[in-house]
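# Per-entry structural report
Listed here are the chains, written in short residue letters.
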Amino acid sequence: MAEQLSLFFKETTSTIDNKEEKVKALDELFAQSARYQNSAEFLALLEFINRFPGLSPYNAFLVNMQDSAASIVLSPHRWKKYGRQVKRYARPFIILVPFGPVEFVYDISDTEPINGEEDNIPQELTNPYETKGYLDPSIFHTTCHNADKEGITCGDYKMQRASAGYVMTQTQDKFLININTEYEINEKYSTLVHELAHVYCGHLGRNKKSWWESRKNLSNESKEFEAESVSFLVCKRHGLTTTSHQYLSDYVSKNNTLPPVSLETILTVSNHIEKMGLKGFKVKGGAGVKI
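In this report, we go over the structure that sits alongside the text.

Reading the values: the criteria
Residues numbered from 1 in each chain as written. Predicted model: local features only at pLDDT ≥ 70, side-chain atom pairs only at ≥ 80, totals over all residues. Heavy atoms only, no water. Axes fitted to C-alpha atoms, helices over the stretch in contact; angles between N-to-C directions. Helix = DSSP H or I, 4+ residues; strand = E, 2+ residues; numbered from the N terminus. Parallel < 35°, antiparallel > 145°, perpendicular 65-115°, else oblique. Left-handed = near helix turned anticlockwise from the far one by under 90°. Contact = heavy atoms within 4.5 Å. Nonpolar A, V, L, I, M, F, W, Y, C, P; charged D, E, K, R; others polar. Pairing = 2+ DSSP bridges.

## Brief notes about the packing of helix H3 (residues 39-50) against helix H9 (residues 220-236)
The angle between the axes and the distance between the axes are what describe a pair of packed helices. Where H3 meets H9, the axes come as close as 9 Å, and the angle between the chain directions of the two elements is 25°. Between H3 and H9, the crossing angle belongs to the class labelled roughly parallel. When the axes of H3 and H9 are compared, the crossing they make is right-handed. Of the residues in H9, those touching H3 at Phe42, Leu43, Leu46, Glu47, Ile49 and Asn50 are Phe225, Ser229, Phe232, Leu233 and Lys236. Partitioning the contact of H3 with H9 into residue classes produces 7 nonpolar, 2 polar and 2 charged.

The following block contains the structure:
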């Protein structure tokens with residue numbers, strides 16, 4: 001595995017002219033690891049990623065590949081802010097950073113209090129699974145606003161209670177997401193994330209503003225599994241409990257192996273949708289791994 005990671009970092013951080021090779025680098029690494037082909041192990045991977053809200057989903061996966069027992073990872077500078085320092089000879093984890101090659105981060109087990117002082121570690125680091133139970137409505141509305149920049153119109157529509165929402169191709173250049181207006185903000189957001197995942201994972205094809213690839217030929221099983229995985233990652237990292245975890249748990253209980261899915265796509269789309277809820281979101285171009 002160390003050799004695979006070494007090759008992956010070399011490929012990802014170097015200048016690669018073939019975009020298809022760069023896009024598939026993570027999927028190839030994922031496919032070579034028999035550990036993740038079991039559906040229960042895959043669910044455990046998603047749960048691991050959700051323990052690191054300070055890292056992108058992609059970087060949390062890289063930490064998992066290096067040590068699945070890691071609990072809290074930070075840079076030496078950030079550890080000092082919490083009254084801890086990196087132990088001598090500690091082994092770092094390697095993650096990628098925007099506009100740079102790599103960054104070294106360390107697990108809490110490889111740090112110690114500075115001068116014997118007590119820790120000052122906030123709860124959001126020690127208990128990232130805490131369920132907030134509510135979503136700031138501005139995140140939902142900002143996500144809808146930013147979706148429109150990429151040719152995706154979001155609207156409210158009164159439906160039967162059993163229907164959460166749906167996505168469809170509106171015109172050649174537009175996708176339409178309708179969400180049940182009767183739902184509360186948490187349910188609306190989880191529905192929005194699920195339907196956006198279908199679009200960004202390429203399940204409906206492309207439009208003129210697409211940075212994603214068309215993957216319309218996937219089976220319905222694979223499409224739903226990818227969309228539910230994205231929804232689970234994004235919503236859980238906002239502290240929300242949704243039906244996505246139940247869907248994935250039910251799948252694991254009935255199936256030992258995964259359907260054909262792209263981990264690279266799941267992580268890239270999850271990261272993108274997370275950023276859509278932030279002010280200053282910028283529409284991106286081109287496909288590939290985003291950190």
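## Some points on the pairing of strand S7 (residues 165-171)
Of the strand pairs in this sheet, S7 and strand S8 (residues 174-180) are connected by 6 bridges, and their pairing is antiparallel. Pairing of Gly165 across the sheet is with Ile179, part of S8. Connecting S7 to the antiparallel partner S8 that follows it, the hairpin turn spans 2 residues.

## Focus on the sheet that holds strand S6 (residues 152-157)
One open sheet accounts for 3 strands, arranged S6-S8-S7; its pairing is mixed. Both edges of this open sheet fall to S6 and S7, since each of them pairs with a single strand only. Neighbouring strand axes in the sheet, compared pairwise and without regard to direction, differ in orientation by 25° on average. Packing of helix H7 (residues 137-149) onto the sheet brings it into contact with S6 and S8, and relative to S6 it is tilted by some 135°. Relative to the sheet, helix H8 (residues 185-200) contacts S6, S7 and S8, its axis offset from that of S8 by approximately 155°.

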